[in-house]
Amino acid sequence: EAAVTQSPRNKVTVTGGNVTLSCRQTNSHNYMYWYRQDTGHGLRLIHYSYGAGNLQIGDVPDGYKATRTTQEDFFLLLELASPSQTSLYFCASSDQDWGGSAETLYFGSGTRLTVL
Amino acid sequence: QQKVQQSPESLIVPEGGMASLNCTFSDRNSQYFWWYRQHSGEGPKALMSIFSNGDKKEGRFTAHLNKASLHVSLHIKDSQPSDSALYFCAGHDTNAYKVIFGKGTHLHVLP
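Everything numeric here is computed off the predicted structure, so don't read it as measured data. (Residues numbered from 1 in each chain as written. Chains lettered and ligands numbered in written order. Predicted model: local features only at pLDDT ≥ 70, side-chain atom pairs only at ≥ 80, totals over all residues. Heavy atoms only, no water.)

Enquirer: How would you summarise the overall build of chain B if you had to cite specific residues and measurements?
Expert: Of the regular secondary structure elements, chain B holds 0 helices and 11 strands. Put simply, 54% of the contacts in chain B that link residues at least 6 apart link residues at least 24 apart. Surface summary for chain B: the accessible area is close to 5200 Å², and the carbon and sulfur share equals 50%. Each charge sign in chain B was given a centre, from 11 positive and 9 negative side chains, and these centres are 5 Å apart. (Helix = DSSP H or I, 4+ residues; strand = E, 2+ residues; numbered from the N terminus. Contact = heavy atoms within 4.5 Å. Areas by Shrake-Rupley, 256 points an atom, 1.4 Å probe, with all protein chains shown as cover. Lys, Arg positive; Asp, Glu negative; His and termini not counted. Charge placed at Lys NZ, Arg CZ, Asp CG, Glu CD.)

Enquirer: I'd love a proper account of the packing of aromatic side chains, names of residues and values included.
Expert: All chains considered together, the criterion is met by 16 aromatic pairs over all chains. Members of the aromatic cluster, connected to one another through ring pairs, are Tyr31, Tyr33, Tyr35, Tyr48, Tyr50, Phe90 and Phe107 of chain A together with Tyr36, Phe88 and Phe101 of chain B. (Phe/Tyr/Trp six-rings, centres within 6.5 Å; stacked < 30°, edge-to-face > 60°.)

Enquirer: I'd like a description of unusual backbone geometry, backed by residues and values.
Expert: Note the cis peptide between serine 7 of chain A and proline 8 of chain A, where omega equals -5°. Looking at where proline 8 of chain A falls in the secondary structure, it is placed in the loop between strand 1 (4-7) and strand 2 (10-13). The peptide bond linking serine 7 of chain B to proline 8 of chain B adopts the cis configuration, its omega dihedral lying at -10°. Structurally, proline 8 of chain B is set in the loop between strand 1 (4-7) and strand 2 (10-14). The backbone of serine 28 of chain A sits at a positive phi, close to 60°, despite the residue not being glycine. Residues other than glycine seldom take positive phi values, yet leucine 70 of chain B does so here, at roughly 55°. You can see leucine 70 of chain B is positioned in the loop between strand 7 (61-66) and strand 8 (71-76). Looking at leucine 70 of chain B, the relative accessible area reads 15%, which means it is buried. (Buried < 20%, exposed > 50% of the residue type's maximum accessible area, 1.4 Å probe, protein only.)

Enquirer: Quick rundown of the pairing of strand 5 (residues 45-50) of chain B? Include the residues and the values.
Expert: Residues and elements named next belong to chain B. The pairing of strand 4 (residues 33-38) with strand 5 spans 5 bridges and is antiparallel. Across the sheet, the residue bridging to tryptophan 35 is methionine 48, located in strand 5. In textbook terms, the turn of a hairpin is the stretch between consecutive antiparallel strands, and for strand 4 and strand 5 this stretch comprises 6 residues, one of which, glycine 41, has a positive phi near 85°. (Pairing = 2+ DSSP bridges.)

Enquirer: Quick one: what's the story with the sheet that holds strand 1 of chain B, residue by residue and with numbers?
Expert: All names here are of chain B. The sheet built from 5 strands is open, its strands ordered 1-3-8-7-6 with antiparallel pairing. The two strands at the open ends of the sheet, each matched to only one other strand, are strand 1 and strand 6 (54-58). Strand-to-strand twist of the sheet, defined as the mean angle between neighbouring strand axes without regard to direction, takes the value 15°. Relative to strand 3 (residues 19-25), strand 1 is paired through 4 bridges, and the arrangement is antiparallel. From the neighbouring strand, serine 7 faces strand 3, where its bridge partner is asparagine 22. (Axes fitted to C-alpha atoms, helices over the stretch in contact; angles between N-to-C directions.)

Enquirer: Describe the layout of surface pockets, naming the residues involved and giving the relevant values.
Expert: What the largest pocket holds in volume is close to 1000 Å³. Lining the largest pocket are 47 residues, with Asp38, His41, Gly42 and Leu43 of chain A together with Lys103 of chain B sitting closest to its centre. The set of elements that each furnish at least two residues to the lining of the largest pocket consists of strand 4 (31-38), strand 5 (42-49), strand 9 (87-94) and strand 11 (111-115) of chain A together with strand 1, strand 9 (85-93), strand 10 (98-101) and strand 11 (105-110) of chain B. Tallied by class, residues from the lining of the largest pocket come to 13 nonpolar, 25 polar and 9 charged. (1 Å grid on protein atoms, 1.4 Å probe; cavity = no way out; pocket = protein on both sides within 12 Å on 5 of 7 lines; lining within 4 Å. Points joined across faces, edges and corners; volume = space filled by probe spheres on them. Nonpolar A, V, L, I, M, F, W, Y, C, P; charged D, E, K, R; others polar.)

Enquirer: Quick rundown of the pairing of strand 5 of chain A? Include the residues and the values.
Expert: In regular strands, side chains alternate between the two faces of the sheet. All names here are of chain A. With 7 of its 8 residues buried, strand 5 lies for the most part within the structure. Pairing between strand 4 and strand 5: 7 bridges, direction antiparallel. Paired with arginine 36 across the two strands is arginine 44, which belongs to strand 5. Taking the residues that link successive antiparallel strands as the turn, the strand 4-strand 5 hairpin has 3 residues, and the phi of glycine 40 there is positive, at about 85°. Here strand 5 folds back onto strand 6 (residues 56-57), and the loop between the two strands holds 6 residues, one of which, glycine 53, carries a positive phi near 85°.

And the structure:
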């Protein structure tokens, strides 16, 4: 099964702080995603990428930057963290081929971020 | 863009009972749908995919897709306490090559 590793598992920062969440997948998937999960909102897409150097805007991008440095690594950056960004963050990857059949997303175990 | 509505928000069934979860979509061009399951403390994991109208059965789980009514459902037969989890339906957004999730259904199976 596809392996997606997120770090750290837990992070606490203060308002205005600078945070980087990391994600690595080891299955050569082309697509990678960042979602946030909040009670009452489900999973919401922040940013996604279909390859190194590519970035696509998701549905809730405000306050977040992302960078895909390699096929394996995708980072989520919060440069001025706010309490509204307290959430559970998930990274996912898939071997998407929209020209043919769509593929399943494989999720990491999540990073719980608290902004005080 | 694709919108996904799930119901109910929470569902309680006795062990051995049938659990039925529902989902409606807004994108009439969408072809691909999934059910994901998330146990407490873990990331979501794909449970089933369904791409064609009709039923798809995998063990105790049956997914049903009706593209005309933009409706997908998941039925869990002989529910077990280990089925207690948060269930998401998901569909792809044909305009942007991304996957949109519903808000989830909390399933509680009581022993």
